[in-house]
Amino acid sequence: MRFGETPIDEAAGAILAHSWRANGVNFAKGRRLSADDVAKLKAGGVAAVVAARLDPEDIHEDEAAAGVAKALAGEGIEVTAPFTGRCNHFAREAGLAVIDHERIDELNELDESVTVATLPPYARVEPRQMVATVKIIPYAAPRTAVARAVGVAKSANQPLVSVAPFQAMRAGLVQTRLPGTRDKVLDKAVGTTSKRLTSLGSMLAGERRVAHDAKAIAGALAELKAEGCDLFLIAGASAIVDRQDVVPSGIEAAGGKVTHFGMPVDPGNLLLTGELDGLPVLGLPGCAKSPKYNGFDMVLERLAARLPVGRAEIVRMGSGGLLAEIASRPQPRDDSETEGEGPQQAPRVAALVLAAGRSTRMGGPNKLLADAAGAPLVVHAVKAALASQAVEVVVVLGHMEDQVKPAIEKAVPAKSRLRFVTNPDFAEGLSTSVKTGIAALGANIDAAVVQLGDMPGVGAPLLDRLIAAFSPVEGRSICVPTVGGKRGNPVLWARRFFPEMTALSGDSGAKHLIGEHADLVCEVEMTGEAAITDIDTPEALEAWRARSTA
């Protein structure tokens with residue numbers, strides 16, 4: 001192809017490189033100039049134009065784009081007419097984009113004039129959604145480059161770009177119970193699972209709720225199979241932790257087999273795949289209860305598209321397996337669960353140190369100012385919060401604020417993460433300090449650890465362990481420390497609970513919310529007794545002093 005300034009007498013048949021608007025002439029770039037066009041330009045006083053002239057070995061951009069696009073396209077793809085060197089591929093129906101990315105890379109390496117861009121492999125698509133686009137960069141491409149591109153596209157039995165359409169499935173869901181399992185949690189799982197299946201053109205055809213026992217699971221699977229289910233989902237009351245655990249044992253007791261346990265996808269690591277009489281069985285990870293996109297969705301979509309999901313496919317899901325919430329991907333949603341929008345990032349957790357109380361059980365002095373191993377009691381709490389991974393530390397003051405605040409400032413050098421707020425209603429109980437602290441948090445905070453100022457044994461490692469446990473998408477929205485099965489403090493709360501916490505009253509704090517949201521509670525076992533040791537009396541203080549100096 002010859003490109004550059006072209007005398008007007010030689011311009012007939014050339015492709016105009018730049019738009020020309022002058023003297024009554026209005027030609028867009030890319031226009032193939034006819035003899036009449038050339039006459040109009042000459043009449044307007046044009047002596048030369050910048051244009052492209054094709055040689056015999058060149059193929060016009062539209063013809064080249066159409067040829068490559070046709071060679072790329074497989075089942076489920078509709079190819080548009082070419083225009084300005086571009087030819088698009090659209091999905092005919094809902095399904096998964098099947099992309100041979102290695103051959104796409106090979107094609108794009110052939111010649112800079114021929115390019116192909118696609119969606120990521122196995123991206124979920126809707127009808128009429130663009131899956132790929134072929135673009136010829138200049139106004140023409142060499143015939144040899146186009147021929148080589150078509151050769152790559154036809155070099156294997158599998159097309160480079162296709163759509164595997166979703167096909168209807170009849171799924172059966174088995175949910176197991178342990179003592180304390182609430183119907184509310186199981187009902188919610190039914191709703192979320194049903195929405196997932198419906199979005200794929202499938203349905204939840206049956207459900208069984210049984211004891212967390214292999215024999216009970218096997219019986220439920222047999223019943224669902226008899227009802228015509230062709231996909232079996234098992235949501236255990238306790239996460240699967242081994243191939244010999246209750247859920248895989250139940251599959252085997254039903255006559256099935258386990259094919260793979262675990263996947264390099266987060267969230268979704270603990271997914272189990274199996275077969276029962278040639279039909280797929282999935283042991284679900286905890287994140288399957290969340291409407292947010294996770295590893296369960298990746299496997300479910302492939303099953304609905306009738307694509308293989310064996311060990312080989314699962315182990316290759318790691319690249320791209322650190323999932324993000326993708327707004328364009330159709331998925332069931334629960335408006336009450338908005339944590340985690342956008343790429344998955346380290347959560348921004350704040351520490352609320354409650355230091356406004358009156359210390360009535362101490363019999364007089366403010367316990368927060370009492371000496372504890374060489375520093376006021378409250379200073380231990382503030383130092384722990386500042387040494388933790390909390391992104392901001394808010395200390396709520398009230399009783400004897402004029403002494404508590406200076407004591408902290410003296411012991412802790414100025415820190416950008418440290419702020420003080422005053423609770424004018426501290427005499428009305430602990431709830432007022434919680435509300436004051438929550439109201440003071442920044443708008444970008446994902447969660448807050450409510451830390452009591454009278455627990456000097458709580459250190460930064462304990463706080464960081466709570467922060468590490470926090471994962472709303474995995475169902476861990478309230479993180480509670482435990483010691484020998486006994487729950488303690490501090491407690492980490494996801495932002496979604498802040499409105500309920502600001503509605504508290506009295507001196508009870510937010511403990512009752514833990515019971516109301518049991519399905520979102522994560523118990524975090526701690527070593528030592530710091531999480532269950534607070535200082536309420538002079539005797540408790542003396543006992544702690546004795547232990548800390550022993």
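The residue count restarts for each chain, going from 1 along the sequence in the order it is written. Given that the model is predicted, a residue must reach a pLDDT of at least 70 before its local features are reported, and side-chain atom pairs must reach 80 or more before they are shown or counted; all residues, however, enter totals for whole chains, interfaces and linings. Side-chain measures were taken over the full set of non-hydrogen atoms in the model, leaving aside hydrogen atoms and water.

## Here's the deal with the nonpolar core
Put simply, a nonpolar core is a bunch of buried Ala, Val, Leu, Ile, Met, Phe, Trp, Tyr and Cys residues held in one set by side-chain atoms that sit within 4.5 Å of each other. In this scheme, a residue with accessible area under 20% of its type's maximum is buried, one over 50% is exposed, and one in between is partly exposed, where area comes from a 1.4 Å probe on protein chains only. Counting 74 residues, the largest nonpolar core has Val382, Val395, Leu441, Trp493 and Met501 as its most contacted members. Only DSSP runs of H or I reaching four residues or more are called helices, and only runs of E reaching two or more are called strands; each is numbered from the N terminus. Looking at which element gives the most residues to this core, the answer is helix 10 (residues 377-387), with eight residues. Working rule for contacts: check all heavy atoms of both residues, and any pair within 4.5 Å makes them a contact. Not counting chain neighbours up to four residues away, the residues in contact with Val395 comprise Val353, Ala355, Val382, Ile408, Leu418, Arg419, Phe420 and Val421. Formed by 33 residues, the second largest nonpolar core is a distinct cluster that contains Met263, Val265, Phe296 and Ala305.

## Details of unusual backbone geometry
Following Asp266, the chain continues into Pro267 via a peptide bond in cis, with omega recorded as 5 degrees. In this fold, Pro267 is placed in the loop between strand 18 (257-261) and strand 19 (272-276). One non-glycine residue with positive phi stands out, namely Thr84, at about 50 degrees. Looking at where Thr84 falls in the secondary structure, it is placed in the loop between strand 7 (77-79) and strand 8 (86-91).

## Brief notes about the sheet that holds strand 12 (residues 130-136)
Spatial ordering of the open sheet is given by 7-8-12-10, a layout of four strands whose pairing is antiparallel. With partners counted over all chains shown, the strands left at the sheet margins are strand 7 and strand 10 (114-118), one partner each. Pairwise comparison of adjacent strand axes, ignoring direction, gives a mean angle of 15 degrees for this sheet. Pairing between strands is defined by DSSP: at least two bridges between them are needed. In terms of strand pairing, strand 10 meets strand 12 through five bridges, oriented antiparallel. Under this scheme, a helix contributes an axis fitted over its contacting stretch, all axes are lines through C-alpha atoms, and angles between N-to-C directions fall in the 0 to 180 degree range.

## Here we look at the packing of helix 2 (residues 61-72) against helix 4 (residues 143-153)
For the pair helix 2 and helix 4, interaxial distance at closest approach is 8 Å and the crossing angle is 10 degrees. As summarised for this structure, helix 2 and helix 4 are arranged roughly parallel, according to the angle between their axes. Across the interface between the two elements, Ala64, Gly67, Val68, Ala71 and Leu72 from helix 2 touch Val146, Ala149, Val150 and Ala153 from helix 4. Looking at side-chain class alone, the contact of helix 2 with helix 4 contains eight nonpolar, one polar and no charged residues. Each angle is binned into one of four classes, with values under 35 degrees roughly parallel, values over 145 roughly antiparallel, values of 65 to 115 roughly perpendicular, and all other values oblique. In this classification, Asp, Glu, Lys and Arg are treated as charged, Ala, Val, Leu, Ile, Met, Phe, Trp, Tyr, Cys and Pro as nonpolar, and every other residue, Gly included, as polar.

In short, the description is geometric, and any link to function would need to be established separately.
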